[in-house]
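Given next are the chains, with one letter for each unit.
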Amino acid sequence: MSELSCTGLRKAFGGLVVTNDLALGVSSGEVHALIGPNGAGKTTALAQLSGELRPDGGTVWLDGADITHLSLPLRVRAGVARSYQISSIFQGFTVAENVELALQATDRHSFRFFRPAASNTARVARASELLDRVGLTAAAGISARRLAHGQTRQLEIAMAMASRPKVLLLDEPMAGMAPDEARRLADLVRSLASDTAVLLVEHDMDIVFSAADRVSVLCEGALIASGDPDKIRADPEVRRLYLRDDSEAED
Amino acid sequence: MAEPAAAETRSRRSRSERDRSERDRFEVFGDRSASRWPLVLTAVVMAALAAAPVWVEATDRGYLVTVLTRVVIFGLAAMSLDLVVGYGGMVSLGHAAFFGAGAYTAGALTFHSLDGSALLGIPGTDQALITWPAAAVIGGLLGVVIGGLSLRTRGVYFIMATLAFNQMVYFLFNALEIYGGDDGVGLFAAGRSIGPFDASDDLVFFYVCFAVLTVSVVLLNLVVRSPFGRVVRGCRDNQARMAALGYQTYRYRLAAFALSASITSLAGAMAVTESQFLSPTYAEWSESGELLLMVIIGGLGSLIGGIIGAAALFLLEEFSIDVTDNWQFFVGLGLLAVVLGAPRGLTGALLGRERRNV
Amino acid sequence: MQLFVEQTLNGLQLGFTLLMVSAGLTLIFGIMNIINLAHGSLFMVGAFVAADVGGRTGNYAVALLAGTAAAAVVGMFVEFVLIRRLYLRDHLDQVLATFALVLMANEAVQMIWGTRPGGVSTPAFLDRTVTVFPGLPYPAYRLAIIAAGIAAISSLYLLVDRTRIGMWIRAGTTHRELLGAFGVNVRLLYTLVFAIGAGLAGFAGVVASPFLSVESGVGDNFLILSFVVIVVGGIGSLKGAVYGSLLLGLVDTWARTYLPLGFDGFLDASTAATVGASVASASIYVVMIVVLVVKPNGLFGLPDG
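Numbers given to residues run from 1 along each chain, matching the order in which its sequence is written. Chains carry letters from A onward and ligands carry numbers from 1 onward, assigned in written order. Thresholds applied to this predicted model are a pLDDT of at least 70 for local features of residues and 80 or more for the giving and counting of side-chain atom pairs; totals over whole chains, interfaces and linings are not thresholded and use all residues. For the side-chain quantities, the full set of heavy atoms in the structure was used; hydrogens and water were omitted.

**Q** Please explain the overall build of chain B as it appears in this structure.
**A** Secondary structure counts use DSSP, requiring at least four H or I residues in a row for a helix and at least two E residues in a row for a strand, with both numbered from the N terminus. Within chain B one finds 14 helices and six strands. Type-normalised accessible area, obtained with a 1.4 Å probe on protein chains alone, sets the label of each residue: buried when under 20%, exposed when over 50%, and partly exposed for intermediate values. In chain B, which comprises 358 residues, the proportion classed as buried is 60%. A contact between two residues is defined here by any heavy atoms of the two lying within 4.5 Å. Sequence-distant contacts, at least 24 apart, represent 78% of the contacts inside chain B between residues at least 6 apart. Computed with the Shrake-Rupley method and a 1.4 Å probe, the accessible areas treat only the protein chains shown as cover for residues. Summing over all exposed atoms, chain B offers an accessible surface of approximately 13200 Å²; the carbon and sulfur share of this is 63%.

Okay, here's the thing in structure tokens:
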């Protein structure tokens with residue numbers, strides 16, 4: 001059963017087509033990785049799925065309902081959450097407060113004016129539950145500004161999970177991490193799939209092939225291959241694409 | 001040609017760097033885990049302000065009581081502007097419109113009660129228990145309209161739009177010939193009725209205003225620590241991220257703007273009751289700049305900073321006007337020094353926070 | 001019909017005056033990303049210096065030159081001493097620092113020239129009327145302002161579009177970080193752009209002063225009108241400044257003429273004049289509100305992003 005999907009998605013900036021008739025789906029219980037060379041349009045595709053960017057054409061579906069015209073916040077409420085490539089946590093807040101802020105977005109208490117935010121025990125409890133899950137319990141009380149890079153990625157994921165999403169869109173969550181750190185985060189992402197569908201944009205092929213159930217390859221905005229990791233690994237076009245990419249990098 | 005994804009990343013990175021520098025400046029007090037010192041400072045300032053009239057009376061400088069009353073009134077407006085600028089990250093250069101709206105609401109009601117005529121079918125009154133709340137309501141509504149339109153824009157645009165609306169309101173008051181046009185009108189025959197009391201005595205009136213200020217200080221400190229206050233701070237730090245968490249950010253920012261407008265308008269009504277003179281100068285654009293100046297001199301994102309800034313400005317005026325008519329020149333010089341040298345204002349200096357990295 | 005032609009010309013004259021102020025503001029914002037509240041003070045400097053020099057020499061041309069040059073020099077000085085410290089600051093710092101300049105400028109002109117309003121009189125050779133339309137004599141000076149506005153904006157356009165400096169300015173507007181890579185002396189370029197904007201504002205201050213009483217704060221209203229122009233036209237867009245200025249100049253003038261006449265139909269004459277005048281004073285803001293609702297980034301502004 002497909003949870004989030006798109007059909008015929010198109011987007012162009014001026015004359016540059018960045019999303020070209022894209023059809024993609026991610027189902028509950030799976031980690032679906034989206035790969036492709038730099039500039040293939042992965043982040044742009046993600047932005048259209050999450051609602052930050054209006055597509056020029058095509059439809060985005062969630063559980064069979066057309067959500068193409070829902071704004072970003074309304075899509076979060078409908079069950080689509082995302083994390084960012086560049087960590088964008090709230091530096092002036094503590095780690096726990098960051099998660100509480102994310103929880104508060106969907107618990108409808110945000111128009112309470114006079115009760116101290118810290119006094120909502122249910123929310124505080126759920127925040128520590130989420131921090132536990134991503135392995136940040138020890139850091140709960142410190143200022144988010146003081147987190148190490150890898151920890152900010154973990155916090156990002158805890159915040160994205162706060163809305164109990166049906167679908168989680170992760171934009172290069174392992175970028176800039178040390179290999180063993182990245183491996184631990186990949187395990188975490190794997191474990192999330194029991195609760196939610198995960199669409200993962202990632203560069204690191206080792207992680208993609210070990211963590212993903214399904215892999216789709218984007219090139220110049222269009223889908224050129226999709227299937228299980230073994231099939232993609234063997235796909236001649238994908239091999240050619242990545243070889244070409246390597247040779248360009250050597251110039 | 002740069003690849004779009006790379007360009008995207010670059011632009012987002014530079015934006016986030018800018019965000020960071022803006023964020024740091026707004027965090028005078030840091031996060032929740034921060035110390036109790038801000039609240040201690042608030043209590044000390046309020047206690048000093050409460051004692052000040054007694055002290056000036058005791059030292060035979062009773063004429064300073066009205067200056068202190070103005071500190072309270074303008075401090076209230078500056079503090080509510082801090083909610084928008086310091087906590088909400090919305091640089092409003094149009095708050096004098098709300099101050100003026102409050103002044104004209106209370107002033108017009110008082111004018112018609114003296115005149116015996118009706119205002120749009122409503123009889124006038126000089127009862128502050130009616131005129132002040134009426135001003136708060138009108139100011140809040142005007143805040144919804146001006147904020148609702150201006151918040152459709154961002155950054156520099158928002159600053160320009162609020163300033164433009166300020167000027168619009170100012171010209172509107174200038175055109176109200178019935179209240180003396182640009183000359184304004186005196187309301188000296190009216191008393192300062194507050195419930196059953198007559199607060200014509202300056203000392204009594206000071207404590208009435210001080211009571212309003214105290215209630216507002218408590219309420220606003222609760223608001224910035226509430227779930228709502230957290231959302232407003234979050235929108236200041238990273239609006240896009242708040243949207244990605246599921247917040248419809250426009251609503252929260254507008255609510256904060258309207259609340260601030262309402263309190264500023266209340267302060268405007270108090271100012272008219274204090275001076276018993278109604279004129280468009282309350283709504284002059286330079287007044288918006290001066291409110292912002294008080295906030296910044298006192299310390300952004302601290303609430304109490306607005307009151308400290310108002311005190312600093314009025315005391316400077318009081319003591320320098322004998323020396324030179326052009327004391328505002330030196331206010332400008334001082335403001336430049338604060339902006340270039342101590343961006344966290346007096347509060348930041350008092351609490352010993354490190355300077356912002358620029 | 002005569003009234004319409006006359007008021008349209010008045011509107012164009014206001015529009016071109018406004019354009020000279022807002023074009024400089026737009027240029028400065030576009031290339032240096034700075035909001036300058038003291039731009040109105042440069043207008044004021046132009047007006048005051050021209051009033052002073054005009055009073056001494058009785059020569060309008062000398063006064064015009066002196067006012068424009070003084071504004072440009074003051075602008076250059078202020079950029080050198082203060083503004084360049086603000087390029088990397090956030091907009092709040094820029095607002096506050098330039099507001100401080102406004103306070104200081106308003107006091108400084110009083111310290112130098114006193115509080116008595118001065119004025120610049122129309123030069124003798126333009127102090128006559130021209131028949132622009134059958135039966136409509138029109139002041140030559142106002143026509144000259146329109147011509148001067150067209151000339152000033154055309155030369156600005158040629159400067160930006162056809163010269164090497166203009167190429168840098170255009171490059172700086174879209175790709176600020178590239179300028180240094182081209183080997184351009186960015187600091188000098190910024191000082192130069194600021195001086196050009198300041199000179200334009202000063203020029204506007206001189207040519208508009210026969211209609212104004214030259215007193216402290218005289219430029220503030222033009223500053224705020226320029227902000228309305230920019231909100232309507234779109235930030236950083238010279239084209240937006242041109243259309244915005246002319247649109248607002250015309251709307252304001254027409255509204256002041258025709259609204260009181262319109263209210264005359266169903267109100268008594270004095271009420272109609274009052275109501276009409278107050279609605280007319282809000283007319284340009286109504287335009288701004290419509291733009292904010294329909295196109296929040298301005299008529300010629302870029303979409304979000």
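**Q** So what exactly am I meant to see when it comes to unusual backbone geometry here?
**A** A positive phi angle, near 60°, is found at B:D60, a position not held by glycine. Counting through the fold element by element, B:D60 comes out in the loop between α2 (37-58) and α3 (64-87). Here B:D60 falls in the exposed class, since its relative accessible area comes to 71%. For C:N33, which is not glycine, the phi torsion reads 55° and is therefore positive. Along the chain, C:N33 falls in the loop between α1 (2-32) and α2 (39-57).

**Q** For this particular structure, what's the right way to read the packing of helix α5 (residues 149-161) of chain A against helix α6 (residues 179-192) of chain A?
**A** Between two packed helices, what matters for the description is the angle formed by their axes and the separation of those axes. Residue and element names in this part refer to chain A. Close contact between α5 and α6 brings their axes to 11 Å; oriented N to C, the two are set at 10°. With respect to their mutual orientation, α5 and α6 come out roughly parallel. Note on element contacts: α6 touches α5 through E181, L185, L188, V189 and L192, opposite G150, R153, Q154, I157 and M161. Lys, Arg, Asp and Glu make up the charged group, whereas Ala, Val, Leu, Ile, Met, Phe, Trp, Tyr, Cys and Pro make up the nonpolar group; the residues left over, Gly among them, are polar. When its residues are assigned to classes, the contact of α5 with α6 shows six nonpolar, two polar and two charged. Only C-alpha atoms enter the line fits that serve as axes; for helices the fit covers just the stretch in contact. Angles between N-to-C directions range over 0 to 180 degrees. Any angle between 65 and 115 degrees counts as roughly perpendicular, while under 35 counts as roughly parallel, over 145 as roughly antiparallel, and the rest as oblique.

**Q** Explanation requested: the environment of C:G166 in the structure shown.
**A** Residues and elements named next belong to chain C. Positionally, G166 belongs in helix α6 (residues 164-174). The exposure class of G166 is buried, given its relative accessible area of 0%. It is 51 Å that separates the C-alpha atoms of G166 and D264, two residues lying 98 residues apart in sequence. In contact with G166, other than residues within four places in its own chain, are L159 and V160.

**Q** I tried to follow the interface of chain C and chain B on my own but got confused; where do I start?
**A** Often, the extent of an interface is quoted as the loss of accessible area on bringing the components together. Each side of the interface is counted separately: chain C has 48 residues, and chain B has 47 residues. Buried area adds together the accessible area that both of two parts lose upon being put together, with accessible area traced by a 1.4 Å probe. Between chain C and chain B lies a buried interface of about 4400 Å² when both sides are counted; carbon and sulfur atoms form 75% of it. For this analysis, a salt bridge means a side-chain nitrogen from Lys or Arg found within 4 Å of a carboxyl oxygen belonging to Asp or Glu. Put simply, chain C and chain B have zero salt bridges between them. Nitrogen and oxygen atoms within 3.5 Å of one another constitute a polar contact, given that in protein one can donate a hydrogen and the other can accept it, and given that sequence-neighbouring residues count only through two side-chain atoms. Across the chain C-chain B interface, the total number found is eight residue pairs in polar contact (both at pLDDT 80 or more). Only α4 (91-113), α9 (220-233), α11 (269-281) and α12 (283-294) of chain C provide two or more residues apiece to the side of chain C that touches chain B.

**Q** Please explain the pairing of strand β10 (residues 222-227) of chain A as it appears in this structure.
**A** Looking down a regular strand, the side chains alternate between one sheet face and the other. All names here are of chain A. Sheet analysis places strand β9 (residues 214-219) next to β10, joined by five bridges and oriented antiparallel. Within β10, the position partnered with L218 by the bridge is L223. Should DSSP find at least two bridges between two strands, the strands are taken to pair. Here β9 folds back onto β10 in antiparallel fashion, the turn holding two residues, of which E220 has a positive phi close to 50°.

**Q** Looking at this structure, I do not really get the pattern of salt bridges. What am I missing?
**A** Side chains that differ in charge, positive against negative, can pair when their charged atoms come close. Inspection of every chain in the model, using the stated rule, returns 19 salt bridges over all chains. Between A:D63 and A:K166 there is a salt bridge, with the nearest N and O atoms lying 3.2 Å from each other. Of the two residues, A:D63 is situated in the loop between β4 (57-62) and β5 (65-66) and A:K166 in the loop between α5 and β7 (167-171); the sequence distance between them amounts to 103 residues. In this structure, C:D93 and C:R89 form a salt bridge, with 2.9 Å as the shortest nitrogen-oxygen distance. Judged on exposure class, the residue C:D93 and its partner C:R89 are both buried. Sharing partners across several salt bridges, the network here consists of A:E52, A:R82 and A:D171.

**Q** So what exactly am I meant to see when it comes to the sheet that holds strand β3 (residues 31-35) of chain A here?
**A** The strands making up a sheet associate through backbone hydrogen bonding, with each pair oriented either parallel or antiparallel. All names here are of chain A. Read from one edge to the other, the open sheet built from six strands follows the order β6-β7-β8-β3-β9-β10, with strand pairing classed as mixed. Two strands close off the open sheet at either side, each with one partner strand: β6 (80-82) and β10. When strand polarity is set aside, the average angle formed by the axes of neighbouring strands in this sheet is 20°. Examined bridge by bridge, β3 and strand β8 (residues 197-201) share four bridges and lie parallel to one another.

**Q** Honestly, helix α13 (residues 327-341) of chain B in this entry has me stumped. Any pointers?
**A** Along an α-helix, residues three or four apart share an orientation, since each turn contains 3.6 residues. Relative to the 21 Å expected for 15 residues at 1.5 Å per residue, α13(B) spans 21 Å between its end C-alpha atoms, a close match to the ideal helical length. Burial in α13(B) covers these residues: B:W327, B:Q328, B:F329, B:V331, B:G332, B:L335, B:L336, B:V338 and B:V339. Check the buried side of α13(B) and you find it contacts α11 (285-298) and α12 (304-320) of chain B together with α4 of chain C. A helix's residues, less one, multiplied by 1.5 Å, set its expected span.

**Q** Looking at this model, I keep getting lost on the packing of aromatic side chains. Mind explaining?
**A** Two numbers describe a pair of aromatic rings. These are the distance of the centres and the angle of the planes. Residue and element names in this part refer to chain B. Centre distance within 6.5 Å is the pairing criterion for rings of Phe, Tyr and Trp, where only the six-membered ring of Trp is used; planes under 30 degrees apart are then read as stacked, over 60 as edge-to-face, and the remainder as tilted. All told, the structure shown has 25 aromatic pairs over all chains when counted by the stated rule. Ring centres of F158 and F257 lie 6.1 Å apart, and the angle between their planes is 85°; on these two criteria the pair is classed as edge-to-face. In this pair, F158 sits in helix α6 (residues 155-174) while F257 sits in helix α10 (residues 249-275), placing the two residues 99 residues apart along the sequence. Seen from their ring centres, F329 and F330 are 5.4 Å apart, and the 75° between their planes marks the pair as edge-to-face. Relative accessible area serves as the criterion here: at 45%, F330 is assigned to the partly exposed category. Ring pairing ties together the aromatic residues F74, F99, Y282 and F314, which thus form one cluster.

**Q** So what exactly am I meant to see when it comes to the side chain of A:R126 here?
**A** Residues and elements named next belong to chain A. If you trace the backbone, R126 turns up in helix α4 (residues 121-134). A relative accessible area of 15% means that R126 is categorised as buried. R126 has contacts with L103, M161, A162 and R164, leaving out every residue within four places of it along the chain.

**Q** Any chance you could explain the nonpolar core here in plain terms?
**A** Proteins that are soluble and globular tend to have nonpolar side chains buried together. As used here, the term nonpolar core means buried Ala, Val, Leu, Ile, Met, Phe, Trp, Tyr and Cys residues forming a set that is joined through side-chain atoms within 4.5 Å. Counting 262 residues, the largest nonpolar core has A:L155 and C:L37 as its most contacted members. In terms of residue count, α3(B) provides more of this core than any other element does, 17 residues in total. Once you skip the residues sitting within four places of it in the chain, A:L155 turns out to touch A:I89, A:V95, A:N98, A:V99, A:L131, A:L136, A:A144 and A:L147. With 21 residues, the next largest nonpolar core counts A:L24, A:L46, A:V167 and A:L199 among its residues.

**Q** Explain the packing of α3(B) against α10(B) here, please?
**A** Residues and elements named next belong to chain B. In the contact formed by α3 and α10, the axes pass within 7 Å of each other and the chain directions differ by 170°. Classified by the angle their axes make, α3 and α10 are roughly antiparallel. The element α3 and its partner α10 pack so that their crossing is left-handed. Contact residues: T66, T69, R70, I73, L76, A77, S80, L81, L83 and V84 in α3; A256, F257, L259, S260, I263, T264, L266, A267, M270, A271 and E274 in α10. Of the residues belonging to the contact of α3 with α10, the class tally is 14 nonpolar, five polar and two charged. Here a crossing is called left-handed whenever its near helix is offset anticlockwise from the far helix by less than a right angle, and right-handed whenever the offset is clockwise.

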